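Each chain, written out:
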Amino acid sequence: MFDRTDQLAVDTIRLLSVDQVEEANSGHPGLPMGAAPMAYTLWSKHLSLNPANPSWINRDRFVLSAGHGSAMLYSLLHLSGFDVSLEDLKNFRQLGSKTPGHPEVHQTPGVETTTGPLGQGFANSVGMAMAEAHLRELYNEPDYPIIDHYTYCLVGDGDLQEGISYEAGSLAGHLNLNKLVVLYDSNDVQLDGPVSKAFSEDIKGRFEAQGWDYIFVEDGTDLNQIHAAIDKAKQVDKPSLIEIKTVIGQGAPDQGKAAVHGSPIGKEGRQKAVESYAWPYQENFYIPEEVKDRFDETIIKEGQAKNQAWDDLFARYKEEYPEKAQALDKALARDLPDNWEQALPTYSAGDDKATRALSNEVINAIAQSLPNFWGGSADLSGSNKTVIDQGEDFAKDNYTGRNIWYGVREHAMASALNGIILHGGTYSFVSTFFVFSDYLRPAVRLAALSHVPAIYVLTHDSVAVGEDGPTHEPVEQLASFRAMPNLNVIRPADGNETAAAWKIAIESKDRPTMIVLTRQGLPGLNQTKEDRFEHVKHGGYVISSQEGNKPDGILLASGSELALTLQAQEALRQEGIDVSVVSMPSFNLFDEQSEAYKETVLPSKVTKRLAIEMGASFGWDRYTGLEGNSLAIDKFGSSGPGKEVVASYGFTVDQIVKAYKSL
């Protein structure tokens, strides 16, 4: 099955990885030197991809969850014919290069997802496998396996110690994601030292208990053993974990020790590795001709042939199922139906509901327009109001379902969403209480960093939660997420702003969106109806002007506080004080507007400004200025009836009037 050239290819991957780390004087040589045999076996004998068409929808996905081993991935991408040159390898970890310290999707052709924070890639892989199963059931027809591929993930000990791996593994087993195969680089060493110092689990028992198949490979250098294990995993009707025993930094002087995990091995260390591998060449970054030919035969040409066969199949599919083919093409391109937003509901005064309930109406309107729209909640769909009414449940016996039961797995849920979106072909969302967004923050950060248009529906957004008390009342979350780059944070005030927030989320192609919603009912506002999409898209707008030519001052509010602020405006008018009111559903969108537009909303000559929001005051000062102030909450909440808690923190018309007059 394997010959001398295959072993030469393994050693080429090892030494290209070592040379990248040496050139940069920075990086992690240990994993590539130990895991190269399993990676080469997977890529040469199993992985179906086309380097000339990296976005081919039916390619297998390979995720390096142990992202610190990025040098190995870049070596594979270069050898496999992706647009990653030898010069790119020599620029490893350099500013602006295609080969950053940890893999970044959209930065390097062939990289499927951004990894490095351990466990994320594993959970991303679960999401990719979910997306494959969903699209497979939606679009495949007899004799037309249009969507039919595997998701492979390489993990290390650290990945499996992270809590997210337990959540994601449990979900994958429950959903019986049988086209998910995880290779476990089991080398008994982590950064600080032996794994045994911190980790002594029965991995076999753990994964079998979660509904996985488990396979053990005793010798991680035996390509035939590894090949047989992967082949077996592909035949099993459940997700598979293959534990492969390796030696970290194999061939280096400190092989098998923590010292080789994350530091260059040096010139002498490289020479020792060369001798260990019986490598006959002295030149750095050297690729033997027979290795180039082997990659050309087994990956490049075979990948092109597989892609061409799929193209031919899809052409016949288009003839027999033209509507389905067109729908899939549009889904993959994220092309929306013309004037799709016209299906979004419009609201008026009297439409008094919590924005979470209004959001549910919008979700179901979107679901009618977009058949590839699905999502779920962390065991809170009834509270978050995120159920797609005609959607059925996504389950191991019904992958067409549109309602995903994520269970109480917030972190894995959000990370799986990243995998779902990166896989392509669907729009999707996840949901939980806003205060529990702290459990999913790392995945949100990676979505923002990776330009993944994920959608987060976060409800119960303030101390108005009431009786559940401070553990369930978000205070600092708005400010903290507003600080995250490339994340839309939108807190709508009523149904019209909620519909507009969803329009922004659905139409986004390179940025995640967080929609922050109330538990308590809010009054519908006639003022939000006109130009609602434009107004919310601008982040902030004047919802109620002053009566005179120039306002005496400005009141700013978001979400549930907007209606209260409008009442305060009227109360101030009764006292002869003429202020305007600004709705500020999204800081980041407002900040992106022109200076001229921002001046129309917040005239620089009007310095008497008060912001009103049931959350931390942090951040509002950029709009209120040194002469303004905030009526906000810079301490934790309290337990009690919601209206009483809100009033106790000063959110009444009288208190707003008093706070403004004190400026």
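Residues numbered from 1 in each chain as written. Predicted model: local features only at pLDDT ≥ 70, side-chain atom pairs only at ≥ 80, totals over all residues. Heavy atoms only, no water.

- The name an unreviewed UniProt entry assigns to the protein is Transketolase, from the organism Alloiococcus otitis ATCC 51267.
- The record held by UniProt for the protein lists under Catalytic activity (unreviewed entry) the comment "D-sedoheptulose 7-phosphate + D-glyceraldehyde 3-phosphate = aldehydo-D-ribose 5-phosphate + D-xylulose 5-phosphate".
- What UniProt states about the protein under its Subunit (unreviewed entry) heading is, verbatim, "Homodimer." (UniProt positions renumbered as here; feature names shortened; annotations may be inferred.)

### Let's talk about the domain arrangement of the protein
When the parts of a complex come together, some accessible area is lost, and that lost area is often used as the size of the interface.
For step 1, the next point in the chain: If you check the domain split of the protein, you get domain 1 (4-305), domain 2 (340-516) and domain 3 (538-662).
For step 2, the next point in the chain: Here the C-alpha centroids of domain 2 and domain 3 sit 26 Å apart.
For step 3, the next point in the chain: Contacts between the two partners involve 24 residues from domain 2 and, on the opposite side, 30 residues from domain 3.
For step 4, the next point in the chain: At the boundary of domain 2 with domain 3, total buried surface from both sides reaches about 2100 Å², with 53% on carbon and sulfur atoms. (Domains from an automatic or database assignment. Contact = heavy atoms within 4.5 Å. Buried area = accessible area lost by both parts, 1.4 Å probe.)

### Some details on empty space enclosed by the protein
For step 1, the next point in the chain: A complete count under the given rule lists three cavities of 30 Å³ or more for this structure.
For step 2, the next point in the chain: Every residue along the wall of the largest cavity is listed here: Trp43, Leu49, Asn50, Asn53, Pro54, Arg59, Asp60, Phe62, Phe82, Gly110 and Glu112.
For step 3, the next point in the chain: In terms of residue class, the lining of the largest cavity is made up of five nonpolar, three polar and three charged.
For step 4, the next point in the chain: There is about 60 Å³ of room inside the second largest cavity.
For step 5, the next point in the chain: Surrounding the second largest cavity, Trp43, Phe62, Val63, Leu64, Leu73, Pro103, Gly110, Val111, Glu112, Thr113 and Thr115 form its lining.
For step 6, the next point in the chain: The element contributing the most residues to the lining of the second largest cavity is strand β1 (residues 61-64), with three residues.
For step 7, the next point in the chain: When its residues are assigned to classes, the lining of the second largest cavity shows seven nonpolar, three polar and one charged. (1 Å grid on protein atoms, 1.4 Å probe; cavity = no way out; pocket = protein on both sides within 12 Å on 5 of 7 lines; lining within 4 Å. Points joined across faces, edges and corners; volume = space filled by probe spheres on them. Nonpolar A, V, L, I, M, F, W, Y, C, P; charged D, E, K, R; others polar. Helix = DSSP H or I, 4+ residues; strand = E, 2+ residues; numbered from the N terminus.)

### As for the pairing of strand β18 (residues 609-612)
For a regular strand, the rule is simple: side chains alternate between the two faces of the sheet.
For step 1, the next point in the chain: Burial along β18 is two-sided: Arg609 and Ala611 facing one way and Leu610 and Ile612 facing the other are all buried.
For step 2, the next point in the chain: As paired elements, strand β16 (residues 553-557) and β18 share four bridges and run parallel to each other. Each bridged residue has a counterpart across the sheet, and for Ala557 the counterpart in β18 is Ile612. (Buried < 20%, exposed > 50% of the residue type's maximum accessible area, 1.4 Å probe, protein only. Pairing = 2+ DSSP bridges.)

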